[in-house]
Amino acid sequence: QVQLVESGGGLVQAGGSLRLSCAASGRAFSMYSMGWFRQAPGKEREIVSTIHWSGGSTYYADSVKGRFTISRDNAKNTLYLQMNSLKPEDTAVYTCAARRQSFSSTSTYDTDYDYWGQGTQVTVSS
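Residues numbered from 1 in each chain as written. Predicted model: local features only at pLDDT ≥ 70, side-chain atom pairs only at ≥ 80, totals over all residues. Heavy atoms only, no water.

Trainee: Any chance you could explain the pattern of salt bridges here in plain terms?
Mentor: Opposite charge on two side chains permits them to pair, given that their charged atoms come into close proximity. Scanning all chains against the criterion turns up 6 salt bridges. The residue arginine 38 makes a salt bridge to glutamate 46 at a minimum N-O spacing of 2.6 Å. Overall, arginine 38 belongs to the buried group, its relative accessible area being 5%. Arginine 45 is the salt-bridge partner of aspartate 110, the closest N and O atoms lying 3.2 Å from each other. Taken together, the positions of aspartate 110 in the loop between β9 (92-98) and β10 (115-116) and arginine 45 in the loop between β4 (34-39) and β5 (46-51) put the pair 65 residues apart, joining distant regions of the chain. Counted as one network, the salt bridges with shared partners bring together Arg38, Glu46, Arg67 and Asp90. (Salt bridge = Lys/Arg side-chain N within 4 Å of Asp/Glu carboxyl O. Buried < 20%, exposed > 50% of the residue type's maximum accessible area, 1.4 Å probe, protein only. Helix = DSSP H or I, 4+ residues; strand = E, 2+ residues; numbered from the N terminus.)

Here it is as structure tokens:
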């Protein structure tokens, strides 16, 4: 079982930056491919970014490409999402997720993820 706890959300003006963190329990974090998802009010959950367990491959949704950066620190069991040039349309609850199968590939489908955090609210004002 893996527990994920996000932090770093908040209220920021358009053009500002935030860094989200996702702290994972357990010693197997380095073997899990991870993802960040977000859900805005009245909308379906959508993929934001993924990172391979090796850290060697990343994916970004077109809407955040060039503005967001995903990274991981396996020594600290922590996943990050650096968000720059934030826009009001980035407002959502951001949640990190992990795939249960060790050394698996990444995925953009939320159904492929087995462990989820509780989410952290990001609000971008115009």
